[in-house]
Amino acid sequence: MMGLFSSLMSSFLLLAILGFGLVLIVSGNAEVDALYAWKMNLSDPNSVLQSWDATLVNPCTWFNVTCNSDNSVTHIDLGNANLSGQLVPQLGQLSNLQNLEAYGNNLNGTIPDEFGNLTNLVSLELFFNRLSGPIPGTLGKLQKLRELRLNNNNLSGNIPMSLTNVGSLQVLDFSNNHLTGDIPNNGSFSVLTPLSFHNNPGLKPPKYQTSPLPPAPSSSAASSSVLSVSSGSLLLGLCSCLFSLHYLLVLLPYQD
Amino acid sequence: MVLSSRTFCAHVIIINFLLLLSCNMVYGTPTDIFCLESIKKSLEDPYGYLNSSWDFNNNTEGFICRFTGVECWHPDENKVLNLKLSNMGLKGQFPRAIQNCSSLTGLDLSINKLSGTIPTDINHILEYVTTLDLSSNDFSGTIPVGLANCSYLNSLKLDQNQLTGQIPGQFSTLSRLKVFTVTNNLLTGQIPNLRNISADSYANNPGLCGSPLPACQAPPSKSNSAVIAEAAVSEFIVCHVN
């Protein structure tokens, strides 16, 4: 009886240990999962993602991935990698991501709204792809974003006003897309010029203040008398100038 | 010395041709590489800041983006976003060749030894400029009205130069202007009405007046009609001397 009980206990213990171990393996690393989910959505003819192994404890040894000292992803460098496919919402889980470079590929589909969760993002480089749909308004939450390059895609819809709240913006390029509506000129967009938006036929440039502000009220009488004195000397100067010209062109040639 | 009419005409034609030629030499190929090459040629670089870093022999994509003071739109494309050449001891006139950097939004030439005037057609040279810092140089002449057409200007610093004349009244149309300083110049006259620009932005210009500085004074006692009569008489004399 005791023997049966003890063997039952040890089997139970063994199962518990195995089960626990299994749970450990299955839960893995959330960042590994997120990036691997993206890999599953990509076609990779150059085998750039060959090192992206889902069985590893973290993605920090993967090529084109950089981590910080806590083994959390900070940089993804996949520019000009001949990738096709789409971005995935899971990428929004990379909470320490600072640079996402996926420019010059063949990516289609939309920019996920979940990118608004990448609160440490400093640069987002998705230019020269085939991305479509709108620019997510959630990108207005990215308060550290300095460089936003979405040029040369098929993006449509309006420019989200929330982006004018991203005070850190330094370089923005939305050119060569199918964006429509007004170009904001307030907040962080005050330093942006048509250079950032060219070749979006449906975009309307901001209106400018056509009438100047009224002049300060104080000394308008003084300024008008200063004006009349200078106009007298202006007439004098103009007349002597015209006279000299007349002499050079008409009178001089006849003095042979 | 008297000239026959034919010789005179010939001289006029030659002068016009030379003028045209010099104009073409300024407006060459509209690329950013040409822009920087021309700027380097037009400025004196006594400390060799540009000479050491601006090497045009290694011609790879985006190579100018690695030059000192050059910030590009994209690190792999030769398209200049900002040019920051502050405190390099540079001498010469305002580099007009910068017009060829057609995507430029920021220009900082502060703390150098640049001289001469600020070009009157500056709005054609720097069409999209948002930040312009020409402070601490030896620029003279007037502030060109053309700057009022640089409608994207957020920051304009002209302090510590030898600029004369008035601040153009048309500056009140610069709706994005947030920073504007002209301290330590030789400016005179009425200050235009600019939002959010305080009095210390205008300090050390003995002739500047009007809000936010004290109001402009009335002119000396000589009457207007006397002055105009004087001008008319001297005009009559000169025009009929021959």
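No experiment lies behind these values; they were computed from the predicted model shown.

### Remarks on the overall build of chain B
And step 1. Tallying secondary structure elements over chain B gives five helices and 12 strands in all.
And step 2. Going through the 242 residues of chain B one by one, you find that 45% of them count as buried.
And step 3. The long-range fraction of contacts in chain B, counting pairs at least 24 apart against all pairs at least 6 apart in sequence, stands at 44%.
And step 4. As presented, chain B carries roughly 12400 Å² of accessible surface, and 56% of it is formed by carbon and sulfur atoms.

### Some details on the sheet that holds strand β8 (residues 132-133) of chain A
All names here are of chain A.
And step 1. Reading across from one edge, β8-β10-β12-β13 is the order of the four strands in this open sheet, with parallel pairing throughout. Only two strands of the sheet have a single neighbouring strand rather than two, namely β8 and β13 (202-204).
And step 2. As paired strands, strand β12 (residues 178-182) and β13 are joined by three bridges and run parallel to one another. The partner of Thr-180 across the bridge, within β13, is Gly-202.

### A closer look at unusual backbone geometry
Residues and elements named next belong to chain B.
And step 1. Geometrically, the link from Ser-211 to Pro-212 is a cis peptide bond, its omega value of 5 degrees lying close to zero.
And step 2. At Asn-196, a residue that is not glycine, the phi angle is positive and equals roughly 60 degrees.
And step 3. Structurally, the position occupied by Asn-196 is in the loop between β11 (186-190) and β12 (207-209).
And step 4. Accessibility expressed as a relative area gives 75% for Asn-196, which makes it exposed.

### What to know about helix α2 (residues 32-42) of chain B
And step 1. For α2(B), the set of buried residues is B:Asp32, B:Cys35, B:Leu36, B:Ser38 and B:Ile39. The buried residues of α2(B) occupy an angular sector of 165 degrees when the element is viewed end-on, so they sit on one face.

### Quick notes on the state of the cysteines
All names here are of chain B.
And step 1. In this structure the tally under the stated criterion is four disulfides over all chains.
And step 2. Residue Cys-35 pairs covalently with Cys-101 via a disulfide, S to S 2.0 Å. Judged by the sign of its S-S torsion, about -105 degrees, the cystine formed by Cys-35 and Cys-101 is left-handed. A residue pair is termed long-range when its members are at least 10 positions apart, and Cys-35 in helix α2 and Cys-101 in the loop between β3 (91-92) and β4 (106-108) qualify at 66 residues.
And step 3. Judged by its relative accessible area of 3%, Cys-101 is buried.

### Concerning the layout of surface pockets
And step 1. Roughly 560 Å³ of internal volume is contained in the largest pocket.
And step 2. Considering the residues around the largest pocket, the lining is formed by 27 residues, among which A:Gln170, B:Glu71, B:Leu81, B:Asn82 and B:Thr105 are closest to the centre.
And step 3. Elements represented by at least two residues in the lining of the largest pocket include exactly β9 (147-149) and β11 (171-173) of chain A together with β1 (70-72), β2 (80-84) and β4 of chain B.
And step 4. Examining the composition of the lining of the largest pocket, we find that four residues originate from one element, β2(B), more than from any other.
And step 5. Here the lining of the largest pocket is built from residues that sort into 12 nonpolar, 10 polar and five charged.

### Points about the UniProt feature "domain: Leucine-rich repeat-containing N-terminal plant-type" (unreviewed entry) in chain B
And step 1. Following the UniProt record, the feature "domain: Leucine-rich repeat-containing N-terminal plant-type" (unreviewed entry) maps to residues 31-73 of chain B here.
And step 2. Secondary structure across residues 31-73 of chain B comprises 37% helix and 7% strand; the distance between its end C-alpha atoms is 14 Å.

### Re a nonpolar patch on the surface
And step 1. On the surface, a nonpolar cluster with roughly 350 Å² of combined accessible area is contributed by A:Met2, A:Phe5 and A:Met9.
And step 2. As for its placement among the helices and strands, A:Met2 is situated in helix α1 (residues 2-27).

### A look at the pairing of strand β9 (residues 162-165) of chain B
All names here are of chain B.
And step 1. When strand β7 (residues 138-142) meets β9, the two strands line up parallel, connected through three bridges. Residue pairing for β9: Gly-141 is matched across the bridge by Leu-163.
And step 2. As paired strands, β9 and β11 are joined by two bridges and run parallel to one another. What sits directly across from Thr-164, in β11, is Leu-186.

### Notes on empty space enclosed by the protein
And step 1. Enumeration over the complete set of coordinates arrives at one cavity of 30 Å³ or more.
And step 2. In this structure, the largest cavity encloses a volume near 50 Å³.
And step 3. Considering only residue class, the lining of the largest cavity consists of seven nonpolar, one polar and one charged.

### Concerning the environment of B:Thr142
And step 1. Along the polypeptide, B:Thr142 turns up in strand β7.
And step 2. The sequence separation of B:Thr142 and B:Leu187 amounts to 45 residues, and the corresponding C-alpha distance is 8.3 Å.

### Observations concerning the confidence of the model for chain B
And step 1. The predicted model of chain B averages 87 in pLDDT, with 78% of residues at 70 or higher.
And step 2. The ipTM for the predicted assembly is 0.77, set against a pTM of 0.75.

### With respect to the environment of A:Trp52
And step 1. With respect to the helices and strands, A:Trp52 occurs in the loop between β1 (42-43) and β2 (65-67).
And step 2. A:Trp52 sits 10 residues away from A:Trp62 along the chain, and the two C-alpha atoms are 5.4 Å apart.

### Structural notes on the sheet that holds β1(A)
Residues and elements named next belong to chain A.
And step 1. Strand order across the open sheet formed by three strands is β1-β4-β6, with mixed pairing between neighbours. With partners counted over all chains shown, the strands left at the sheet margins are β1 and β6 (106-108), one partner each.
And step 2. Pairing of β1 with strand β4 (residues 84-86) involves two bridges; the strand directions are antiparallel. Each residue of the ladder has a partner; that of Leu-42, found in β4, is Gly-85.

### Considerations on the pattern of salt bridges
As a working rule, side chains carrying opposite charge can pair if their charged atoms are close by.
Residues and elements named next belong to chain A.
And step 1. Taken as a whole and judged by the stated rule, the model has five salt bridges over all chains.
And step 2. Two residues, Arg-149 and Glu-125, come together in a salt bridge whose shortest N-O distance is 2.7 Å. Linking Arg-149 in strand β9 with Glu-125 in strand β7 (residues 123-125), this pair joins segments that are 24 residues apart in sequence.
And step 3. In this structure Glu-125 comes out as buried when scored by relative accessible area, which is 5%.
And step 4. A salt bridge links Glu-147 to Arg-149; the shortest N-O distance between them is 3.0 Å.
And step 5. Judged by relative accessible area, which is 23%, Glu-147 ranks as partly exposed.
And step 6. Classification of Arg-149 as buried rests on a relative accessible area of 3%.
And step 7. Salt bridges sharing partners connect three or more residues here, namely Glu-125, Glu-147 and Arg-149.

About the cut-offs
- Residues numbered from 1 in each chain as written.
- Chains lettered and ligands numbered in written order.
- Predicted model: local features only at pLDDT ≥ 70, side-chain atom pairs only at ≥ 80, totals over all residues.
- Heavy atoms only, no water.
- Helix = DSSP H or I, 4+ residues; strand = E, 2+ residues; numbered from the N terminus.
- Buried < 20%, exposed > 50% of the residue type's maximum accessible area, 1.4 Å probe, protein only.
- Contact = heavy atoms within 4.5 Å.
- Areas by Shrake-Rupley, 256 points an atom, 1.4 Å probe, with all protein chains shown as cover.
- Pairing = 2+ DSSP bridges.
- Arc of directions from axis to C-beta.
- Disulfide = S-S within 2.5 Å.
- 1 Å grid on protein atoms, 1.4 Å probe; cavity = no way out; pocket = protein on both sides within 12 Å on 5 of 7 lines; lining within 4 Å.
- Points joined across faces, edges and corners; volume = space filled by probe spheres on them.
- Nonpolar A, V, L, I, M, F, W, Y, C, P; charged D, E, K, R; others polar.
- UniProt positions renumbered as here; feature names shortened; annotations may be inferred.
- Patch = residues over 30% accessible without salt bridge, like charges linked within 9 Å, V, L, I, M, F, W, Y side chains within 5 Å.
- Salt bridge = Lys/Arg side-chain N within 4 Å of Asp/Glu carboxyl O.
- pLDDT = per-residue confidence, 0-100.

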